[in-house]
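What the coordinates show
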Amino acid sequence: MKADQTKTVAPLLFFDTGIGGFSILREAQKLLPGAPIIYAADYAGMPYGMKSEEELSTRIPLLLGRLVERYKPKLVTIACNTASTIALDVVRSVLDTPVVGTVPAIKPASQITKTGVIGLLGTRATIRQPYVDRLAAEFAADKLLLRYGAPDLVHAAEAKLRGEEPDSAIIDAAVQGLLDQERGEEIDTVILACTHFPLLQEELQKSFVRDIQFIDGSRGIARRIAYLTSDVIWPEPSENGVFVTTGTLDQLLPYRATFQKFGITKLDTL
């Protein structure tokens, strides 16, 4: 009976602008190593952080609708803070498939800060969202939340996963953007509010010089995925993941070594 079920098990679909969602995929694969993976990247629409809310709230549901129709996943994870804060409600309203979103980890950050001063690095679109304001008011009203939009970190993370050395000037500029704000020197906790940014945590820590607690939502999201799919009998782990791009396949060639680490062996276009 188990063998029959594993033949037809539906995959998990992860969606981001690029490879940032690998920070979530990494944690999900620790809990669900046998889950078939479809990873979709909207490289043709990158970067989301520089697009309008109107454009993204139209583009993202359309793309996810096509992906769900093609791959029929068990669950969709929007592994992008910008996409989630802008389009999560719309996506859930148009898809019958369960959807997990990604939001800034403001609540856990407020619980671990000792100084009460928290930094938040995200895209410019994310840090200005009313959703972030509501999270801050609900969970960090007695804390000081300093935000900084650092869209260039996305490109630095992409470069790292291509096997290149991330531009240290980009890293330093993001860190300085927080420290230069009033009471910035008191920051002891930094929320990485873009799924690309945890991929640069080591470089960010070096730039801060002093010890910083970095926090993101990847582990909590992975636990949520596992909970929502607890009824599934997953097959044995196998390297048969699919990477789908809205861009060109040639763009993906420099990422081949990274794809192999995540069991992704097939490339496709949307």
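Residues numbered from 1 in each chain as written. Predicted model: local features only at pLDDT ≥ 70, side-chain atom pairs only at ≥ 80, totals over all residues. Heavy atoms only, no water.

With that out of the way, let us pick up the overall build of the chain. Counting its secondary structure elements, the chain contains twelve helices and ten strands. For 270 residues, the compact-globule estimate of 2.2 N^0.38 gives 18 Å, and the chain sits close to it at 18 Å. Principal-axis analysis of the C-alpha atoms gives the chain an extent of 60 × 40 × 35 Å. Residues classed as buried in the chain amount to 55% of the 270 residues present. (Helix = DSSP H or I, 4+ residues; strand = E, 2+ residues; numbered from the N terminus. Rg over C-alpha atoms; globule rule 2.2 N^0.38 Å. Buried < 20%, exposed > 50% of the residue type's maximum accessible area, 1.4 Å probe, protein only.)

What follows deals with the layout of surface pockets. What the largest pocket holds in volume is close to 620 Å³. Around the largest pocket, the lining is made up of 28 residues, and of these Asp216, Gly217, Ser218, Gly220 and Ile221 lie nearest the centre. The set of elements that each furnish at least two residues to the lining of the largest pocket consists of helix H2 (22-31), helix H4 (81-94), helix H5 (106-112), helix H7 (130-139), strand E8 (213-215) and helix H11 (218-228). (1 Å grid on protein atoms, 1.4 Å probe; cavity = no way out; pocket = protein on both sides within 12 Å on 5 of 7 lines; lining within 4 Å. Points joined across faces, edges and corners; volume = space filled by probe spheres on them.)

Turning our eyes to something else, we now look at the pattern of salt bridges. Applying the stated criterion to the full structure yields twelve salt bridges. Salt-bridge contacts for lysine 160 lead to glutamate 203; the nearest nitrogen and oxygen are separated by 3.1 Å. Of this pair, lysine 160 sits in helix H8 (residues 152-161) while glutamate 203 sits in helix H10 (residues 201-208), and the two are 43 residues apart along the sequence. The class of lysine 160 is partly exposed, set by a relative accessible area of 28%. Through salt bridges with shared partners, a single ionic network connects Glu27, Lys30 and Arg219. (Salt bridge = Lys/Arg side-chain N within 4 Å of Asp/Glu carboxyl O.)

Our focus in this paragraph is the sheet that holds strand E7 (residues 189-192). With parallel pairing, four strands are arranged side by side in an open sheet as E6-E5-E7-E8. The open sheet has two free edges, formed respectively by strand E6 (144-149) and E8, since each of these has just one partner strand. Adjacent strand axes in the sheet meet at a mean angle of 25° when their direction is disregarded. Inspection of the sheet shows strand E5 (residues 117-122) paired to E6 by six bridges, in the parallel sense. The partner of leucine 120 across the bridge, within E6, is arginine 147. (Pairing = 2+ DSSP bridges. Axes fitted to C-alpha atoms, helices over the stretch in contact; angles between N-to-C directions.)

All told, the structure shown has three cavities of 30 Å³ or more when counted by the stated rule. In this structure, the largest cavity occupies an estimated 90 Å³ of space. As for the largest cavity, its lining consists of 15 residues, of which Thr17, Cys80, Thr123, Val154 and Cys194 are closest to the centre. Each residue belonging to the lining of the largest cavity can be placed in one class, and the counts come to six nonpolar, eight polar and one charged. Roughly 60 Å³ of internal volume is contained in the second largest cavity. Taken together, 13 residues make up the lining of the second largest cavity; nearest its centre are Asn81, Thr102, Thr195, Asp216 and Gly217. When residues of the lining of the second largest cavity are traced back to their parent elements, those giving at least two are H2 and H11. Considered class by class, the residues forming the lining of the second largest cavity number six nonpolar, six polar and one charged. (Nonpolar A, V, L, I, M, F, W, Y, C, P; charged D, E, K, R; others polar.)

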